[in-house]
Amino acid sequence: MTTLEKKATLDALDALESESIHIFREVAGEFDRPVILFSGGKDSTLLVHLAVKAFAPAPVPFPLLHVDTGHNFDEVIDFRDSIVERLGLRLEVAKVQDYIDDGRLVERADGTRNPLQTQPLLDAIVENKFDAVFGGGRRDEERARAKERIVSLRDAFGRWDPRKQRPELWNLYNGRHAPGEHVRVFPISNWTELDVWRYIQREEIELPSIYYAHRREVYKRDGMWLAEGPWGGPRSTETVENLSVRYRTVGDGSCTGAVESTATTLDEIIAEVTASRLTERGATRADDRLSEAAMEDRKREGYF
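Everything in this summary refers to the structure shown in the same document. As the structure is a prediction and not an experimental result, all values here were calculated from the model.

Attention shifts here to a nonpolar patch on the surface. Together, Leu169, Trp170 and Leu172 line one region of the surface with nonpolar side chains, adding up to about 420 Å² of accessible area. Classification of Trp170 by relative accessible area gives exposed; the value is 75%.

Printed below as a string of structure tokens:
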């Protein structure tokens, strides 16, 4: 990469960073009880990094919220706990397992718990009176993501109506909402996966180890490499192989696939992402393959 190309890249990242920090500060000034949705994945970790920058040297003025499916990768949970401790953040956890145990939710036949996150999320928002919920959604992830604005109104039941989108002109964000309603806020909406990785490299942001190539026992299902875990394992017709893989996104282990990779450095990951023709969700998230409108249907119900 030439010096001119490096300067252009840094300028672009600076602009994205500035916009995201502006959004954090605007929401902090306008809302009473914001919260950051945090899974330990790269996008939510980026949000925390930007929030720290936005309010330094003061602490981040709002907590983190993790909707825990109970089907998480151990490396991600360990990372979640370490970053919370290191930065002195407050973490709220809403557990899907609690809802299954007391009968409020029923385990799905396919074992996937991602769609079960909606009710614990909405209950946590109501119980804690959160009025603005930050998320790491990006418009290049999935077509339903691209329909939302940076500030997205949700009704008293947490539902999203794409027909009620508000215009956002000149970086002016309309956070007006009635009692019981709240907004979802996407500070990195204008970032791409490649932007995220380039920024992670520039800022030297720590991530869970599963984002880098490592050897893992996996089996192929529906064109994806899945790992065995508390969500179950391979069927009798599925063969376990020990491969060098990494994860492009993290989530419920029952539906989050790995990709074959030897990329152990950020330079190698950036080269992989640059060459890829599939978004990370399209390539490695089984729950987004349920239908063409799977994500949009869940978002209408209150999913992030």
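All right, on to the pattern of salt bridges then. Counted under the stated rule, the structure contains 20 salt bridges. We note a salt bridge from Arg221 to Glu238, for which the minimum N-O separation is 2.8 Å. Of the two residues, Arg221 sits in strand β7 (residues 214-221) while Glu238 sits in the loop between β8 (224-227) and β9 (240-246), which places them 17 residues apart along the sequence. Given the relative accessible area of 13%, Glu238 is considered buried.

The strand order β8-β7-β9-β10 describes an open sheet built from 4 strands, whose pairing is antiparallel. The sheet terminates laterally at β8 and β10 (259-260), the two strands that pair on one side only. Alignment of β7 against β8, held across 4 bridges, turns out to be antiparallel. Paired with Tyr219 across the two strands is Leu226, which belongs to β8.

Okay, the pairing of β8 next. Alternating residues of β8 divide into Met224 and Leu226 and Trp225 and Ala227, and every residue in both groups is buried. Adjacent in sequence and paired antiparallel, β7 and β8 are bridged by 2 residues, among which Asp222 carries a positive phi angle near 55 degrees.

Let us look at the sheet that holds strand β6 (residues 182-185). To summarise the sheet geometry, strands pair through backbone hydrogen bonds and adopt either a parallel or an antiparallel arrangement. Spatially, 6 strands are ordered β3-β2-β1-β4-β6-β5 in an open sheet, and the strand pairing comes out mixed. At either margin of the open sheet sits one strand with a lone partner, and together these are β3 (91-95) and β5 (151-154). Here the average twist between neighbouring strands, direction ignored, is 30 degrees. Judged from the 3 bridges that link them, strand β4 (residues 132-134) and β6 form a sheet pairing that is parallel. Bridging across to β6, Ala132 finds its partner in Val183.

The rules behind the values
- Residues numbered from 1 in each chain as written.
- Predicted model: local features only at pLDDT ≥ 70, side-chain atom pairs only at ≥ 80, totals over all residues.
- Heavy atoms only, no water.
- Patch = residues over 30% accessible without salt bridge, like charges linked within 9 Å, V, L, I, M, F, W, Y side chains within 5 Å.
- Areas by Shrake-Rupley, 256 points an atom, 1.4 Å probe, with all protein chains shown as cover.
- Salt bridge = Lys/Arg side-chain N within 4 Å of Asp/Glu carboxyl O.
- Buried < 20%, exposed > 50% of the residue type's maximum accessible area, 1.4 Å probe, protein only.
- Helix = DSSP H or I, 4+ residues; strand = E, 2+ residues; numbered from the N terminus.
- Pairing = 2+ DSSP bridges.
- Axes fitted to C-alpha atoms, helices over the stretch in contact; angles between N-to-C directions.

From the geometry alone we can't say anything about function, so treat these as descriptive.
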